[in-house]
There are 2 protein chains.
Amino acid sequence: MLTLPFLPVPTRQKSSAIRACAMDRRSTISTHFPPLLHRDLALDLASAMDSRLESRLLPSSVPDEIKSFKNQSGTSIGSIDIRYGAPDSSIDFVLESWLHCKVPNGTIDITSLLVYQNDRTDAPHFNLELIQGGPTTLVLLLDLLPRKDLALFPNYIEKYYQETNLDKFRQEIEKLGEVKPYNSPSLYIRSVLSPTAIAVSINCGENGTVKMEEIINGTVRNVAKEVLEVWLDECVGTGTEMGEEERESMMRRDKVVKSKSIEIDLQANFPKLFDQEVSSRVIAEIQKAFER
Amino acid sequence: MLTLPFLPVPTRQKSSAIRACAMDRRSTISTHFPPLLHRDLALDLASAMDSRLESRLLPSSVPDEIKSFKNQSGTSIGSIDIRYGAPDSSIDFVLESWLHCKVPNGTIDITSLLVYQNDRTDAPHFNLELIQGGPTTLVLLLDLLPRKDLALFPNYIEKYYQETNLDKFRQEIEKLGEVKPYNSPSLYIRSVLSPTAIAVSINCGENGTVKMEEIINGTVRNVAKEVLEVWLDECVGTGTEMGEEERESMMRRDKVVKSKSIEIDLQANFPKLFDQEVSSRVIAEIQKAFER
């Protein structure tokens, strides 16, 4: 196993460009969306990601109509940003997505932060989803998505999941009394997760808003920050030397994972939350990143 | 997807040979081992397996010293049987293992029923483990082990896990109040399981023996029978047409899974439960089946 000669990971001091970007995001999201318990945490994680990936990313690639969109009746609001990796970077793209939708039994807020890597590295992708169906329930999906068949590559488990001690964070979350494992209804989605994936549903019961706030700003915040840190430290700018065939087979796998994710997560759900026309436009933009 | 021209699955009428085999096993196990809550269930499942696989299996391949063994002080007792698949059968081997061991804080009983298939089919292997650390706790591992990288082969999930409705059984078990998900300490073992794997620990608390008996003979029995039935119906004598390369890649994967299983399950634990000499003999016999 070798560490490839990538650009060094930038140190964490904030440049004025990053500060501006973080403030810009924070004010856009706060202005467009109603208040939400997990939003501050998600904004902080997105900013932490920016600070570390700065030199590896190109500016946003999406038009304003994707950065901010809603359905005709205004009950569903969304904001999506996609930034591609700079040339020579191992980052394929960063996708940030904020959705707030009225649904028959209340509202649903889905926040995603997803970073896919390219064929310069075999290191995992980063995947965070926070889903609130009200102020007292939260589904948290947090994982470093493997890029190889783990049953066939035990060394990959060793390197990215065992030695990084990721299971500790899963255990920390699952210790909470309000937490239950979350099994995605899609067997495919379950199959792409790593053995240390955090996939939980947190339910604080009626009048549990204060408790939920405490959990989000306590354990969930700590764990999410730590997992992101592991990913930034161990998976960006690192990798295992690969032959051409191995690289091709990894990219073939990535391609299937991306196309199934679009099919399962977006094509099935988006049109239920937004008008057909808005849906198509947004999905097309995401597809551009997933399929390039 | 094609159904391959295998031998028809024998019907379920019991021949006298099967009856004799089942009675033989039942009396051997009952004579050698102290009473145990899950034993009847495991014996019934092993018999059900026999009835259906009869014509596909050769007689037992193990010497008496493997069919029954113990450590010097007699505190650990074991019985292992291995039957290889008949020529033309898709069964590679059936491994049945019964272990009863005194450990510092009580006793541990581990019963396993494992069927590996060969390269005539891509259909999953069958894996059942029942582990009791006393009369009120049970770890249940029950899965049809996939033989392909599920992220790369969504059709494989569809065929063997979705259409067979296996997740229903996992949900049924997990509904029980005494049940918690069981995460193997080995990240590798977690990685070889299917998305519908049943991996639970059942704890009935102090004085919970009657409750445990009820659960074992109720939900656990029903679910285990159903899952075995699905495997017998959908995975034995069936399969997907494969090219030579695909077959080779599947067998390469199987080989890694088998060798890691021996390393994790046996080489690490067996010598703690039995004397070195007994351990080595038993592991060598199992290795013969796993590595041929």
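Since this is a predicted model, take the numbers as computed values, not measurements. (Residues numbered from 1 in each chain as written. Chains lettered and ligands numbered in written order. Predicted model: local features only at pLDDT ≥ 70, side-chain atom pairs only at ≥ 80, totals over all residues. Heavy atoms only, no water.)

Brief notes about the overall build of chain A
Here's step 1: Looking only at helices and strands, chain A has 10 helices and 9 strands in total.
Here's step 2: Against the 2.2 N^0.38 benchmark of 19 Å for 292 residues, chain A shows a C-alpha radius of gyration of 18 Å, consistent with a compact globule.
Here's step 3: Expressed as a percentage of contacts within chain A between residues at least 6 apart in sequence, the contacts between residues at least 24 apart total 67%.
Here's step 4: Accessible surface, chain A as shown: approximately 12,900 Å² in total, 50% of it carbon and sulfur. (Helix = DSSP H or I, 4+ residues; strand = E, 2+ residues; numbered from the N terminus. Rg over C-alpha atoms; globule rule 2.2 N^0.38 Å. Contact = heavy atoms within 4.5 Å. Areas by Shrake-Rupley, 256 points an atom, 1.4 Å probe, with all protein chains shown as cover.)

What about the confidence of the model for chain A?
Here's step 1: Confidence in the prediction for chain A averages 91 pLDDT; 92% of positions are at 70 or higher.
Here's step 2: Here residues 1–13 of chain A is a poorly scored stretch, pLDDT under 50, and it has 32 contacts once near neighbours within four places are set aside; other chains count. (pLDDT = per-residue confidence, 0-100.)

Observations regarding a negative patch on the surface
Here's step 1: On the surface, Glu245 and Glu248 of chain A together with Glu245 and Glu248 of chain B cluster together into a negatively charged patch.
Here's step 2: Of all elements in the fold, only helix 8 (244–267) of chain A together with helix 8 (244–267) of chain B reach the threshold of two or more residues within the negative patch.
Here's step 3: Structurally, Glu245 of chain A is set in helix 8.
Here's step 4: Relative accessible area serves as the criterion here: at 70%, Glu245 of chain A is assigned to the exposed category. (Patch = residues over 30% accessible without salt bridge, like charges linked within 9 Å, V, L, I, M, F, W, Y side chains within 5 Å. Salt bridge = Lys/Arg side-chain N within 4 Å of Asp/Glu carboxyl O. Lys, Arg positive; Asp, Glu negative; His and termini not counted. Charge placed at Lys NZ, Arg CZ, Asp CG, Glu CD. Buried < 20%, exposed > 50% of the residue type's maximum accessible area, 1.4 Å probe, protein only.)

Quick notes on the interface of chain A and chain B
Here's step 1: Of the residues lining the interface, 25 residues belong to chain A; the matching set on chain B comes to 25 residues.
Here's step 2: Summing both sides of the interface, chain A and chain B together bury roughly 2,000 Å²; the carbon and sulfur share of this comes to 62%.
Here's step 3: Counting the surface chain A buries against chain B, the share from its top three residues, Ala151, Leu187 and Arg190 of chain A, is 27%.
Here's step 4: Counting every contact that joins chain A to chain B gives 4 salt bridges.
Here's step 5: Between Arg253 of chain B and Asp149 of chain A there is a salt bridge, with the nearest N and O atoms lying 2.7 Å from each other.
Here's step 6: Along the contact surface separating chain A from chain B lie 8 residue pairs in polar contact (both at pLDDT 80 or more).
Here's step 7: Going through the elements one at a time, helix 4 (154–162), helix 5 (167–174), helix 6 (187–192) and helix 8 of chain A are the ones with two or more residues in the side of chain A that touches chain B. (Buried area = accessible area lost by both parts, 1.4 Å probe. Polar contact = N/O pair within 3.5 Å; in protein donor to acceptor, adjacent residues only side chain to side chain.)

What to know about the relation of the copies chain A and chain B
Here's step 1: Superposition record for chain A on chain B: RMSD 0.0 Å, screw rotation 180°, translation along axis 0.0 Å. Put plainly, the chains are arranged around a two-fold axis. Every residue of chain A has its C-alpha some distance from the rotation axis, and the shortest such distance is that of Asp149 of chain A, at 2.7 Å.
Here's step 2: The share of interface residues of chain A whose copies in chain B are also at the interface is 100%, consistent with both copies meeting through the same surface. (Least-squares fit on C-alpha atoms with pLDDT ≥ 70 in both.)

A look at the environment of Arg120 of chain A
Residues and elements named next belong to chain A.
Here's step 1: Considering the arrangement of structural elements, one finds Arg120 in the loop between strand 5 (106–117) and strand 6 (125–132).
Here's step 2: Using a relative accessible area of 33% as the deciding quantity, one classes Arg120 as partly exposed.
Here's step 3: Sequence-wise, Arg120 and Asp92 are 28 residues apart; in three dimensions their C-alpha atoms are separated by 9.5 Å.

Looking at helix 4 (residues 154–162) of chain B
Given 3.6 residues per helical turn, the α-helix brings residues three or four places apart onto the same face.
Here's step 1: The set of residues buried in helix 4 of chain B consists of Pro154, Tyr156, Ile157, Lys159, Tyr160 and Tyr161 of chain B.
Here's step 2: Packing partners of the buried residues in helix 4 of chain B comprise helix 6 and helix 8 of chain A together with strand 7 (137–145) and helix 7 (209–235) of chain B.

Quick look at the environment of Asp122 of chain B
All names here are of chain B.
Here's step 1: Checked against the element boundaries, Asp122 lands in the loop between strand 5 (106–117) and strand 6 (125–132).
Here's step 2: As a C-alpha pair, Asp122 and Met242 span 120 residues in sequence and 8.1 Å in three-dimensional space.
Here's step 3: With near-sequence residues (within four places) excluded, Asp122 lies in contact with Arg147, Lys148, Tyr156, Tyr160, Gly239, Thr240, Met242 and Met250.
Here's step 4: Engagement of the side chain of Asp122 in a polar contact is seen with the side chain of Tyr160, the distance being 2.9 Å.
Here's step 5: A distance of 2.9 Å separates polar atoms of two side chains, one belonging to Asp122 and the other to Thr240.

Thoughts on the packing of helix 2 (residues 39–53) of chain A against helix 7 (residues 209–234) of chain A
All names here are of chain A.
Here's step 1: Two elements in contact, helix 2 and helix 7, have axes separated by 11 Å at closest approach and are oriented at 20°. By the criterion of interaxial angle, the relationship of helix 2 to helix 7 is roughly parallel. The way helix 2 lies across helix 7 gives a crossing that is right-handed. Residues Asp40, Leu41, Asp44, Leu45, Ala48, Met49, Arg52 and Leu53 of helix 2 form the contact with helix 7, whose own contacting residues are Ile216, Val220, Arg221, Ala224, Lys225, Leu228, Glu229, Trp231, Leu232 and Asp233.
Here's step 2: Partitioning the contact of helix 2 with helix 7 into residue classes produces 11 nonpolar, no polar and 7 charged. (Axes fitted to C-alpha atoms, helices over the stretch in contact; angles between N-to-C directions. Parallel < 35°, antiparallel > 145°, perpendicular 65-115°, else oblique. Left-handed = near helix turned anticlockwise from the far one by under 90°. Nonpolar A, V, L, I, M, F, W, Y, C, P; charged D, E, K, R; others polar.)

Re the packing of aromatic side chains
Two numbers describe a pair of aromatic rings. These are the distance of the centres and the angle of the planes.
Here's step 1: All chains considered together, the criterion is met by 18 aromatic pairs over all chains.
Here's step 2: An angle of 45° between the planes, with centres 6.4 Å apart, marks the rings of Tyr156 of chain A and Tyr161 of chain A as tilted. One exposure class covers both Tyr156 of chain A and Tyr161 of chain A, and it is buried.
Here's step 3: Arranged with centres 5.4 Å apart and planes meeting at 20°, the rings of Phe93 of chain B and Tyr116 of chain B form a pair that is stacked. In this pair, Phe93 of chain B sits in strand 4 (residues 91–103) while Tyr116 of chain B sits in strand 5, placing the two residues 23 residues apart along the sequence. The residues Phe93 of chain B and Tyr116 of chain B share a single accessibility class, namely buried.
Here's step 4: Sitting over the face of the ring of Tyr188 of chain A, Lys260 of chain A holds its NZ or CZ atom 5.6 Å from the ring centroid.
Here's step 5: Between Lys148 of chain B and the ring centre of Phe153 of chain B, over which it is positioned, the NZ or CZ distance is 4.9 Å. (Phe/Tyr/Trp six-rings, centres within 6.5 Å; stacked < 30°, edge-to-face > 60°. Lys NZ or Arg CZ within 6 Å of the ring centre and 35° of its normal.)

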